[in-house]
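Here is how the chains run, residue by residue.
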Amino acid sequence: RPQYLYLAECEKARILPKLPKFLVQESKEGNGTKVVELSKGLMDGDLKAMAGALAQAFGQGQVIRFDASGNYFNGGTLGNVLATAIRTNERSCSQLQELDLSHNAKFESAEDICVALDHMPSLRRLNLSKLRFARSNVWREVTESLENRRFLTHLELADCQLGWFSQ
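Since we're looking at a predicted model, the values are computed, not measured.

A. Region of interest: the layout of surface pockets. By volume, the largest pocket is sized at about 230 Å³. Taken together, Gln25, Glu26, Ser27, Lys28, Glu29, Val35, Glu37, Ile64, Arg65, Gln97 and Glu98 form the lining of the largest pocket. Elements with a contribution of two residues or more to the lining of the largest pocket: β1 (23–26), β2 (34–37) and β3 (63–67). For the lining of the largest pocket, the class distribution of residues is 2 nonpolar, 3 polar and 6 charged.

And the structure:
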């Protein structure tokens, strides 16, 4: 069903589908939790087309890991898709333990990402490696959003140009 929704959105938007790996699979723990992993090399248009399917995937059960790494998504589109998943299935998103947004395109703002992070109180691992933020004050917004994360034990920020501006 999620792949069907993706293909229908591609047809409606008149874009060529890339048939992502689009995996919603059982986690290795085998306790009914799920992992959502997107293919690598997807573009913004692909992500927009998958928004409905992703929301449905989050609705299928307790998602503990979301991997959107290695794509060409900008921050606004990625943030909007996460916000849609949260609005549709806030309970499932609140159980998210791992979020990997590394190796994506430039983020103009962190607002949507920060709003998404605010709805992920159980987040333990966050990977923002190789993200580029357009404004220097964006890292302050991200830091404030992460301040009250009691469970966050692993934060990856490799090659994020931290310190290149007055942050």
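B. A look at the pairing of β3. Of all the 5 residues making up β3, 4 are buried; the element is thus mostly covered by neighbouring parts of the structure. Pairing analysis gives 4 bridges linking β2 to β3, with the strands arranged parallel. Bridge pairing links Val35 to Arg65 in β3.

C. Focus on the pattern of salt bridges. The final tally for this structure, using the stated rule, is 6 salt bridges. With a shortest N-O distance of 3.7 Å, Arg65 and Glu37 are connected by a salt bridge. Of this pair, Arg65 sits in strand β3 while Glu37 sits in strand β2, and the two are 28 residues apart along the sequence. Residue class for Glu37 comes out buried when judged on its relative accessible area of 18%.

D. View of the packing of helix α2 (residues 44–59) against helix α3 (residues 75–88). Between α2 and α3, the shortest axis-to-axis distance is 9 Å and the interhelical angle comes to 15°. In terms of their interaxial angle, α2 and α3 are classed as roughly parallel. Seen from above, α2 lies across α3 with right-handed handedness. Residues Asp44, Leu47, Lys48, Ala51, Leu54, Ala55 and Phe58 of α2 pack against Thr77, Leu78, Val81, Thr84, Ala85 and Thr88 of α3. A class-by-class count of the residues in the contact of α2 with α3 yields 8 nonpolar, 3 polar and 2 charged.

Calculation notes
Counting restarts for each chain: residues are numbered from 1 in the order of the written sequence. In keeping with the model being predicted, local features are shown solely for residues with a pLDDT of at least 70 and side-chain atom pairs are shown and tallied solely at 80 or more, while totals for entire chains, interfaces and linings include all residues. To obtain the side-chain values, all non-hydrogen atoms of the structure were included, while hydrogens and water were left out. Only protein atoms enter the 1 Å grid used here. Points where a 1.4 Å probe fits but cannot escape make up a cavity, open sets with protein on both sides within 12 Å along at least five of seven lines make up a pocket, and a residue lines them when an atom lies within 4 Å of a point. Grid points are joined across faces, edges and corners, and a volume is the space filled by probe spheres set on the points. Segments assigned H or I by DSSP are reported as helices when at least four residues long, segments assigned E as strands when at least two residues long, and all are numbered from the N terminus. Classification convention: Asp, Glu, Lys, Arg as charged; Ala, Val, Leu, Ile, Met, Phe, Trp, Tyr, Cys, Pro as nonpolar; all other residues, Gly among them, as polar. Type-normalised accessible area, obtained with a 1.4 Å probe on protein chains alone, sets the label of each residue: buried when under 20%, exposed when over 50%, and partly exposed for intermediate values. One bridge is not enough; two strands pair if DSSP finds at least two bridges between them. Put simply, a salt bridge is a Lys or Arg side-chain nitrogen that is within 4 Å of an Asp or Glu carboxyl oxygen. Comment: axis = line fitted to C-alpha atoms, over the contacting stretch for helices; angle = value between 0 and 180 degrees taken between N-to-C directions. Our angle categories are set so that under 35 degrees counts as roughly parallel, over 145 as roughly antiparallel, 65 to 115 as roughly perpendicular, and the remainder as oblique. When the near helix sits turned anticlockwise from the far one by under a right angle, the crossing is termed left-handed; a clockwise turn instead gives a right-handed crossing. Should any heavy atoms of two residues lie within 4.5 Å, those residues are counted as being in contact.

Geometry only, nothing functional implied.
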